[in-house]
Amino acid sequence: MAETKQINRLPYNGKVHEPPELKSQVVFILVHHYGGNNRTLHRHIKLVNSMGYKAVSFELEGAHKQKMFIPPISKNFKWGLRHIWADRIEEILNCISGEKIIFTLSNPSYSALDAIYRLKAKNIKAIICDGGPFFDIYKSYWNLFTYAIRYNFLIRIFQTFFGAIYWNTFNYKQNAKKYIKSFSDDIPLLSIRAEQDMLVAEKSIDKCLSTYNKKLITKIIIPEAAHLMGIKKNKKIYRQSILKFLIRHQLYNN
């Protein structure tokens, strides 16, 4: 049974999840989806631990039903939830020494790019993204409030508009290109998509990653899975895809 530790120096309810048998010194930094928390990462924690890696989880907050109406001002006085998330991811990355793999879910994947950019990609060995990062923010928010949270039409309009402003779509496309351009040409990225994703279109992910070195991107589509449900719907394919990616880039020890 994997051991979970609460370490005082880790902020944002950060936890370290130890594998039954440690096989690598590379640490997985897990970034949950919009509205998630440590508990919603349990499948990913279990998966990472089963492969012999230590996993670190923490909580972003500021999302759905989490301090939603507090003005989203970052440490550098920038407006937007995406900047606050990047602050937290950056701080966690700074707390963990050594080589790291960032494993992100959905929308906060964008903020992970920002955090990596701020830290000049120091000690980042790979990036794994499930359901993100993506452009077409308004469309994705509309889909979220249509198919997942299922508000009525009028509330959906308000939440889509408010959510995009709260997240801050100003110059986000230009910024994504700036972040990616700064990365060195030795950070591979695994992009996991769900075949039946009704929230985020594949083309929206491709747009966001269009300036990433294509030779470093591995795309995987999990069949018959909805947004972020690949790990639940087809755990075998999900695990094998990640393992193959890690082996290909010499990041896995049998």
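So, a few notes on the structure that sits alongside this text. Bear in mind the structure is a predicted one, so any value in this text is a computation, not a measurement.

Cut-off values and rules
Residue indices begin from 1 for each chain and proceed along its sequence in written order. At least 70 in pLDDT is required for a residue's local features to be given in this predicted model, at least 80 for side-chain atom pairs to be given and counted, and no such filter applies to totals for whole chains, interfaces and linings, which use all residues. Just so you know, side-chain values use all the structure's heavy atoms and leave hydrogens and water out. To sort residues, take the accessible area from a 1.4 Å probe on protein chains only and compare it with the maximum for the residue type: under 20% means buried, over 50% means exposed, and anything in between is partly exposed. The helix count covers DSSP runs of H or I at least four residues long, the strand count covers runs of E at least two residues long, and both are numbered beginning at the N terminus. A pair of strands counts as paired when DSSP detects no fewer than two bridges linking them. Look down the strands so they point away from you; if going from the first strand over the helix to the second traces a clockwise path, that crossover is right-handed. Expected span of a helix, by definition, is 1.5 Å for each gap between consecutive residues, and there is one gap fewer than residues. We call two residues in contact when some of their heavy atoms are within 4.5 Å. Residue types Ala, Val, Leu, Ile, Met, Phe, Trp, Tyr and Cys, when buried and joined through side-chain atoms within 4.5 Å, form a set referred to as a nonpolar core. Any Lys or Arg side-chain nitrogen found within 4 Å of a carboxyl oxygen on Asp or Glu counts as a salt bridge. By convention, a stacked pair of Phe, Tyr or Trp rings (six-membered ring in the case of Trp) has centres within 6.5 Å and planes under 30 degrees apart, an edge-to-face pair has planes over 60 apart, and any other such pair is tilted. Lysine and arginine charges are scored as sitting over a ring when NZ or CZ, respectively, is within 6 Å of the ring centre and within 35 degrees of the ring normal. Patch membership is restricted to residues that have no salt bridge and whose relative accessible area is over 30%. Joining uses 9 Å for like charges and 5 Å for the nonpolar side chains Val, Leu, Ile, Met, Phe, Trp and Tyr. Method for areas: the Shrake-Rupley scheme with a 1.4 Å probe, in which residue coverage is limited to the protein chains shown.

**Details of the pairing of strand β6 (residues 124–130)**
Then step 1. Counting buried residues in β6 gives six out of seven residues, a clear majority hidden from the surface.
Then step 2. In this structure, strand β5 (residues 100–105) lies alongside β6, joined through six bridges in parallel fashion. Looking at the pairing, Leu105 lines up with Asp130 of β6.
Then step 3. Following the chain from β5 across helix α3 (residues 108–118) to the adjacent parallel β6, one finds a crossover that is right-handed.
Then step 4. Pairing of β6 with strand β7 (residues 189–194), which is carried by four bridges, proceeds in the parallel orientation. Bridged to Cys129 within β7 is Ser191.

**Some thoughts on helix α9 (residues 235–248)**
Working note: α-helix, 3.6 residues per turn, so residues spaced by three or four point in the same direction.
Then step 1. Here α9 spans 20 Å end to end across 14 residues, near enough to the 20 Å set by a 1.5 Å rise per residue.
Then step 2. Taken together, the buried positions of α9 are occupied by Tyr238, Ser241, Ile242, Leu243, Phe245 and Leu246.
Then step 3. Phi turns positive one or two residues past the end of α9, at Gln250, with a value near 55 degrees.

**A few points about the environment of Ile45**
Then step 1. Here Ile45 is to be found in helix α1 (residues 42–50).
Then step 2. Note on Ile45: relative accessible area 9%, which makes it buried.
Then step 3. Spatially, the C-alpha atoms of Ile45 and Lys235 are 13 Å apart, while their sequence positions differ by 190 residues.
Then step 4. With residues near it in sequence (within four places) discarded, Ile45 still touches His17, Leu30, Asn38 and Ser57.

**Describing the nonpolar core**
Then step 1. Grouped together as the largest cluster of nonpolar side chains are 51 residues, with contacts concentrated most on Ile127 and Tyr212.
Then step 2. Mapped by element, the contributors of at least two residues to this core are β3 (27–31), α2 (81–95), α3, β6, α4 (137–148), α5 (153–167), α6 (172–182) and α7 (202–208).
Then step 3. Broken down by element, this core gets its largest block of residues, six residues, from α2.
Then step 4. Sequence-distant contacts of Tyr212, defined by excluding residues within four places in its chain, comprise Ile127, Ile180, Phe183, Ile187, Pro188, Leu189 and Ile217.

**Quick word on the pattern of salt bridges**
Then step 1. Enumeration according to the criterion identifies 10 salt bridges in this entry.
Then step 2. Between Asp206 and Arg193 there is a salt bridge, with the nearest N and O atoms lying 2.8 Å from each other. A residue pair is termed long-range when its members are at least 10 positions apart, and Asp206 in helix α7 and Arg193 in strand β7 qualify at 13 residues.
Then step 3. A relative accessible area of 27% places Asp206 in the partly exposed class.
Then step 4. By relative accessible area, which is 3% here, Arg193 ends up buried.
Then step 5. Salt bridges here are not isolated pairs; linked through shared partners, they connect Lys75, Asp87, Glu90, Asp114 and Arg118.

**Quick look at the packing of aromatic side chains**
Then step 1. Tallied over the full model, the rule gives 17 aromatic pairs.
Then step 2. Ring geometry for Phe145 against Tyr151: centres 5.4 Å apart, planes inclined by 40 degrees, an arrangement best described as tilted.
Then step 3. Look at Tyr151 and you get partly exposed, because its relative accessible area is 21%.
Then step 4. These aromatic residues form a ring-pair network of at least three members: Tyr110, Tyr117, Phe135, Trp167, Tyr172 and Tyr179.
Then step 5. Positioned above the aromatic ring of Trp167 is the side chain of Arg82, whose terminal nitrogen or guanidinium carbon lies 5.5 Å from the ring centre.
Then step 6. Positioned above the aromatic ring of Trp142 is the side chain of Arg156, whose terminal nitrogen or guanidinium carbon lies 5.1 Å from the ring centre.

**Concerning a nonpolar patch on the surface**
Then step 1. A cluster of nonpolar side chains, contributed by Ile73, Phe77, Trp79, Tyr138, Phe161 and Ile165, occupies part of the molecular surface with about 650 Å² of accessible area.
Then step 2. Summarising the element assignment, Ile165 is placed in helix α5.

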